[in-house]
Amino acid sequence: MEKIVILTGAGISAESGLGTFRDAGGLWQRYPLEDVATPEGFVRNPALVHEFYNARRAQAAAARPNPAHLALARLEAARRAEVLIVTQNVDALHEAAGSRNVLHMHGQLARALCHACGWRWEAPAAMSPRDACPGCGEAMTRPDVVWFGEIPHGMERIEAALVGAGLFAAIGTSGQVWPAAGFAQLASAAGAHTVELNLEPSAASADFDEFRQGRASEVVPAWVAELLD
Ligand code: BV8
């Protein structure tokens, strides 16, 4: 059975109302990346980090999947190919749309992690630096997300899937964050056909065989319909 690997970024959730990182007015403009998305920033000012992620967790909890998320769930449910979604997003919109085979390489807003002992649990709606870890009791709890300088989850599984893929697609990602930005090159070198679906060309566009321009809620359903017809 053919294997399809689909990398998604903030652009697939933009039409569900969740901010992207680098578009005008994006989250990073309001919160400097080094203060809220690095381990050093967390140690320096955990309250600011929790403020940033509590706001995003509330936003994500109120968001609904859009036609792009739903189309990818249809592609998996059709069982014509083995579909793996590798998402850089920390929202749960792929799961809410019905996708089952989802790998959150940058972690998930809905999970909490103890910076002291590595314990993981379901995150409360709002986290604070005073929360004690259910595992070790230390007050070093953080969102279970992968910050800059930290190792993304599932890299071995992702690399194996890319090498075995017949088709690789990247949806709504600016191709600026590594190692995700290098996935198209890996897939292409292993013989996959590569497609980029984005509002505009990304930093990685040159690595793709095909480019489909437009809003995810329009171009993704059209692309999936073609694959299934
Ligand atoms: C690692 C946390 C080693 C959770 C994120 C130099 C100095 C220091 C470091 C580095 C360096 N060079 C490279 C690095 C490594 C660094 C990196 O890449 N830095 C960059 C900035 C240069 N990477 C790391 O540190 C990573 N770890 O490398 O460890 C290693 C490597 C390999 C193997 C083992 C170990 C860790 C990176 C993870 C960082 N954490 N998030 C959170 O808060 O969410 S990154 C953050 O950016 C999010 O995860 C986000 O998903 C991700 C990427 O952004 P995008 O998803 O692409 O979103 P963006 O806003 O950028 O773009 C939106 C796109 O959507 C645009 O293209 C737009 O056109 C499009 N769009 C908008 N609307 C729509 C749309 N498309 C369609 N429809 C629409 N409606």
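Analysis parameters
Per chain, the residues get numbers from 1 upward, laid out in the order the sequence is written. For this predicted model, a pLDDT threshold of at least 70 governs which residues receive local features, and a threshold of 80 or more governs which side-chain atom pairs are given and counted, while totals over whole chains, interfaces and linings are taken from all residues. Processing note: side-chain calculations cover all non-hydrogen atoms of the structure and skip hydrogens and water entirely. Strands here are runs of E lasting at least two residues and helices are runs of H or I lasting at least four, both read from the DSSP assignment and numbered beginning at the N terminus. Within these notes, the globule rule equals 2.2 Å times the number of residues to the 0.38 power, and the radius of gyration is based on C-alpha atoms. Type-normalised accessible area, obtained with a 1.4 Å probe on protein chains alone, sets the label of each residue: buried when under 20%, exposed when over 50%, and partly exposed for intermediate values. The contact rule is simple, with two residues in contact once any of their heavy atoms fall within 4.5 Å. We treat Lys and Arg as the positive residues and Asp and Glu as the negative residues; His and chain ends play no part in the count. Here the site of a charge means atom NZ of a Lys, CZ of an Arg, CG of an Asp or CD of a Glu. DSSP calls a pair of strands paired once it identifies at least 2 bridges connecting them. Between N-to-C directions, angles cover 0 to 180 degrees, with each direction set by a line fitted to C-alpha atoms, over the stretch in contact for helices. Note that the domain bounds reflect an automated or database-derived domain assignment. For any pair of parts, buried area is found by adding up, for both, the accessible area (1.4 Å probe) each one loses once the two are put together. When a carboxyl oxygen of Asp or Glu lies within 4 Å of a side-chain nitrogen of Lys or Arg, that pair is called a salt bridge. In protein, a polar contact requires one atom able to donate a hydrogen and another able to accept it; more generally it is a pair of N or O atoms within 3.5 Å, and residues adjacent in sequence count only if both atoms are side-chain atoms. Gly is put with the polar residues, along with every residue not named as nonpolar or charged; the nonpolar set is Ala, Val, Leu, Ile, Met, Phe, Trp, Tyr, Cys and Pro, and the charged set is Asp, Glu, Lys and Arg. Near, as used in this document, describes a residue that has one of its heavy atoms within 4 Å of the molecule or strand being considered. What makes a nonpolar core is a set of buried Ala, Val, Leu, Ile, Met, Phe, Trp, Tyr and Cys residues whose side-chain atoms join them at distances within 4.5 Å. How far a helix is expected to stretch is found by multiplying one less than its residue total by 1.5 Å.

## Comments concerning the overall build of the protein
Broken down by element type, the protein carries 10 helices and nine strands. Radius of gyration (C-alpha) of the protein: 18 Å, near the 17 Å computed for a compact globule of 229 residues. Across the 229 residues of the protein, 51% fall into the buried class. Counting only contacts in the protein whose residues sit at least 6 apart along the sequence, the fraction spanning at least 24 positions is 63%. Computing the positive centroid from 18 side-chain charges and the negative centroid from 26, the protein places the two 6 Å apart.

## Some remarks on the sheet that holds strand β5 (residues 120-122)
Strand order across the open sheet formed by three strands is β5-β4-β6, with antiparallel pairing between neighbours. Because the sheet does not close on itself, it has two edges, and the strands there are β5 and β6 (141-145). The mean inter-strand angle of the sheet, taken between neighbouring strand axes irrespective of direction, is 45 degrees. Sheet analysis places strand β4 (residues 107-114) next to β6, joined by five bridges and oriented antiparallel. By the bridge assignment, Cys-114 is partnered in β6 with Thr-141. Against the sheet, helix α5 (residues 46-62) touches β4 and β6, its axis set at about 50 degrees to β6.

## Quick look at the domain arrangement of the protein
Taken domain by domain, the protein consists of domain 1 (1-18 + 65-106 + 152-229) and domain 2 (19-62 + 111-145). For domain 1 and domain 2, the distance between their C-alpha centres works out to 25 Å. The interface of domain 1 with domain 2 comprises 12 residues on the first partner and 10 residues on the second. Contact with domain 2 buries surface across domain 1, with Ala-10, Leu-18 and Val-90 losing the most and accounting together for 49% of the total. If you look at where domain 1 meets domain 2, you find zero salt bridges. Linking domain 1 with domain 2 are zero residue pairs in polar contact (both at pLDDT 80 or more). Considered class by class, the residues forming the side of domain 1 that touches domain 2 number five nonpolar, six polar and one charged.

## Examining the site of the ligand
Around the ligand, a shell composed of 36 residues is seen, among which Phe-21, Arg-22, His-106, Gly-149 and Ser-174 lie nearest. Contact distances for the ligand include 3.2 Å between an oxygen atom and a backbone N or O atom of Gly-172. Counting residues per element, the ones that place at least two in the shell around the ligand are α1 (10-13) and α5. Class assignment for the residues of the shell around the ligand results in 16 nonpolar, 13 polar and seven charged. Counting contributing residues per domain, the shell around the ligand is built from domain 1 (1-18 + 65-106 + 152-229) and domain 2 (19-62 + 111-145), each supplying no fewer than three.

## Side note on the nonpolar core
Counting residues in each nonpolar core, the largest one holds 22 residues, and the members touching the most others are Ile-6, Leu-72, Ile-171, Leu-197, Val-220, Trp-223 and Val-224. Of the residues forming this core, the biggest block, six residues, is contributed by helix α10 (residues 216-228). Once you skip the residues sitting within four places of it in the chain, Val-224 turns out to touch Ala-71, Leu-72 and Leu-75. Met-155, Phe-168, Ala-170 and Ala-204 belong to the second-largest nonpolar core, a separate cluster that totals 20 residues.

## Observations regarding α5
Between its first and last C-alpha, α5 extends 24 Å over 17 residues, near the 24 Å set by a 1.5 Å rise per residue. Within α5 the residues assigned to the buried category are Val-49, His-50, Phe-52, Tyr-53, Asn-54, Arg-56, Arg-57 and Ala-60. Against α2 (27-30), α3 (33-36), α4 (39-44), β4 and β6 lie the buried residues of α5.

## A short note on the side chain of Asn-89
Along the polypeptide, Asn-89 turns up in the loop between β2 (82-87) and α7 (93-97). The class for Asn-89 is buried, based on a relative accessible area of 6%. There is a polar contact of 2.9 Å between the side chain of Asn-89 and the backbone oxygen of Gly-9. Setting aside chain neighbours within four positions, we find Asn-89 in contact with Thr-8, Gly-9, Ala-10, Ile-12, Ser-13, His-104 and Gly-107.

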